[in-house]
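Each chain, letter by letter, is given below.
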Amino acid sequence: MSVEALRNQIEELRKELVDLAERLGLTAMEVVEKSQKLDKVLNEYDRQVQRQTKGPFV
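Here the residue index of a chain counts from 1 through its sequence in written order. The predicted nature of this model means local features are confined to residues of pLDDT at least 70 and side-chain atom pairs, given and counted, to a pLDDT of 80 or more, with totals for whole chains, interfaces and linings taken over all residues. Based on all heavy atoms of the structure, the side-chain values leave hydrogens and waters out of the count.

A side chain of one charge can pair with a side chain of the opposite charge if their charged atoms are brought near each other. Salt bridge, as applied in this entry: a Lys or Arg side-chain nitrogen positioned within 4 Å of an Asp or Glu carboxyl oxygen. In this structure the tally under the stated criterion is 4 salt bridges. Two residues, Glu4 and Arg7, come together in a salt bridge whose shortest N-O distance is 3.0 Å. One end of the pair is Glu4 and the other is Arg7, both in helix H1 (residues 3-24) and 3 residues apart, which spans about a single turn. For every residue, the accessible area (1.4 Å probe, protein chains only) is compared with the maximum for its type, and the residue is labelled buried under 20%, exposed over 50%, or partly exposed between those bounds. A relative accessible area of 41% places Arg7 in the partly exposed class. Across the pair Arg47 and Glu44 runs a salt bridge, and its minimum N-O distance is 3.0 Å. Separated by 3 residues within a single helix, Arg47 and Glu44 lie in helix H2 (residues 29-54), roughly one turn from each other. Classification of Arg47 by relative accessible area gives partly exposed; the value is 42%. On the basis of relative accessible area, Glu44 is assigned to the partly exposed category, the value being 24%. For the purposes of this entry, the term helix denotes a DSSP run of H or I that reaches at least four residues, the term strand denotes a run of E that reaches at least two, and both are numbered from the N terminus.

Here you go:
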């Protein structure tokens, strides 16, 4: 997945997370699961950005 696609996914997941948290509360299982999904996407985004800045030989 491209960095731009990951950015879009991150933004969408953030919106969904805020909406869920407002409706269900921060400790609801759905909120925790959405937060974990966002964490995974953020980690993947970070890995890809680091790869781009370090180049292919690192």
